[in-house]
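Report on the structure
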Amino acid sequence: MKTVKVKQKKTEKKDIAGIIIGILFFTMLIAVVYYVADMLIISREVTMENISGDWHITRNVTDKEVEHWVFLEDGTARTYTLNKEDGTRSNEKTYDFTLLPPEEGKTHPMIHLVPSNVRKSEKEDGTMNVRVSHVTKAEMTVEFVYDRFTTETTRMTKDLF
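Residues numbered from 1 in each chain as written. Predicted model: local features only at pLDDT ≥ 70, side-chain atom pairs only at ≥ 80, totals over all residues. Heavy atoms only, no water.

Describing the overall build of the protein chain
Check the secondary structure of the protein chain and you find three helices and eight strands. Starting at the N terminus and ending at the C terminus, the protein chain contains elements arranged as α-α-β-β-β-β-β-α-β-β-β. Relative to its length of 161 residues, the protein chain is extended, with a C-alpha radius of gyration of 27 Å against a globular reference of 15 Å. Reported as C-alpha extents along the three principal axes, the dimensions of the protein chain are approximately 115 × 45 × 30 Å. (Helix = DSSP H or I, 4+ residues; strand = E, 2+ residues; numbered from the N terminus. Rg over C-alpha atoms; globule rule 2.2 N^0.38 Å.)

Digging into the confidence of the model for the protein chain
This prediction gives the protein chain a mean pLDDT of 83; 91% of its residues lie at or above 70. Mean pLDDT per element in the protein chain: helix α3 (residues 120-126) is the minimum at 63, and helix α1 (residues 16-41) is the maximum at 90. (pLDDT = per-residue confidence, 0-100.)

Examining the nonpolar core
W69, F71, I111, L113, M140, F144 and M156 are the most contacted members of the largest nonpolar core, which has 19 residues in total. Put simply, the parts of the chain that give this core at least two residues each are β1 (53-57), β2 (65-71), β4 (89-100), β5 (110-115), β6 (128-135) and β7 (139-145). In this structure M156 touches W55, H56, I57, W69, F71, A138, E139, M140, V142 and F144, once residues within four positions along its chain are discounted. (Core = buried A, V, L, I, M, F, W, Y, C linked by side-chain atoms within 4.5 Å. Buried < 20%, exposed > 50% of the residue type's maximum accessible area, 1.4 Å probe, protein only. Contact = heavy atoms within 4.5 Å.)

So, a nonpolar patch on the surface
Among the surface-exposed residues, V32, Y34, Y35, V36, L40, I41 and I42 lie close enough to one another that they form a single nonpolar patch of about 640 Å² accessible area. Note that L40 resides in helix α1. (Patch = residues over 30% accessible without salt bridge, like charges linked within 9 Å, V, L, I, M, F, W, Y side chains within 5 Å. Areas by Shrake-Rupley, 256 points an atom, 1.4 Å probe, with all protein chains shown as cover. Salt bridge = Lys/Arg side-chain N within 4 Å of Asp/Glu carboxyl O.)

As for the pattern of salt bridges
Scanning the model with the defined rule gives five salt bridges in all. When the shortest N-O distance is used, the salt bridge between R44 and D38 registers 2.4 Å. Among the ionic pairs, R131 bridges to E143, the shortest N-O distance being 3.2 Å. Of the two residues, R131 sits in strand β6 while E143 sits in strand β7, which places them twelve residues apart along the sequence. Salt bridges linked by common partners bring D38, R44 and K137 together as one network.

Comments concerning the environment of I57
Of note, I57 is situated in strand β1. Discounting chain neighbours no more than four positions away, the residues touching I57 are V66, E67, W69, F144, T154, R155 and M156.

Considering the packing of aromatic side chains
Under the defined criterion, the tally for this structure stands at five aromatic pairs. Consider the rings of W69 and F71, whose centres lie 6.0 Å apart with planes at 15 degrees: the pair is stacked. Assessed through its relative accessible area of 3%, W69 is described here as buried. Taking the relative accessible area as the measure of exposure, F71 reaches 1% and is therefore buried. Seen in terms of ring centroids, F71 and F97 are 5.4 Å apart; in terms of plane orientation they differ by 80 degrees. Their pairing is edge-to-face. Of the two residues, F71 sits in strand β2 while F97 sits in strand β4, which places them 26 residues apart along the sequence. (Phe/Tyr/Trp six-rings, centres within 6.5 Å; stacked < 30°, edge-to-face > 60°.)

Observations concerning unusual backbone geometry
With a phi angle near 55 degrees, N91 is a residue other than glycine that sits in the positive phi range. For N91, the location among the structural elements is in strand β4.

Brief notes about the environment of L72
Within the secondary structure, L72 sits in the loop between β2 and β3 (76-83). Sequence separation between L72 and M48 is 24 residues; the distance between their C-alpha atoms is 7.8 Å. When sequence neighbours within four positions are dropped, the list of residues in contact with L72 reads S52 and F97.

Listed below in structure tokens is the structure:
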């Protein structure tokens, strides 16, 4: 007896809709990963444009009050404390600021803050520096330099949406 080989015809059709949905899914995944990386990971140069905006310092998620810092490109800064429960602002202060290049031996630029709308005798008392070590579009790591021996390192964030 002779063995006869019979080839079976391919009757399966390609699922074109599944391929299109898969391509769209991977495209969206790549877009989301790029968006998150651009907002949180990719570091920016410390310039007036990159630090401008409404930044807030949240100590704990359960805190009722949040400290806000608003830097504007025209060289003015404002700080206030926002009560999350009723939306009231308190402790509002206005500063004029300049962005100074890194000092000798330092790698991070400094924001020099001088109080505005106060008497000349009080300006020196309220003057402070903020050293910016890392900036992204949504996060900024800063060190508040109150005097030679008193500093506070914290992270400021912007709302993403």
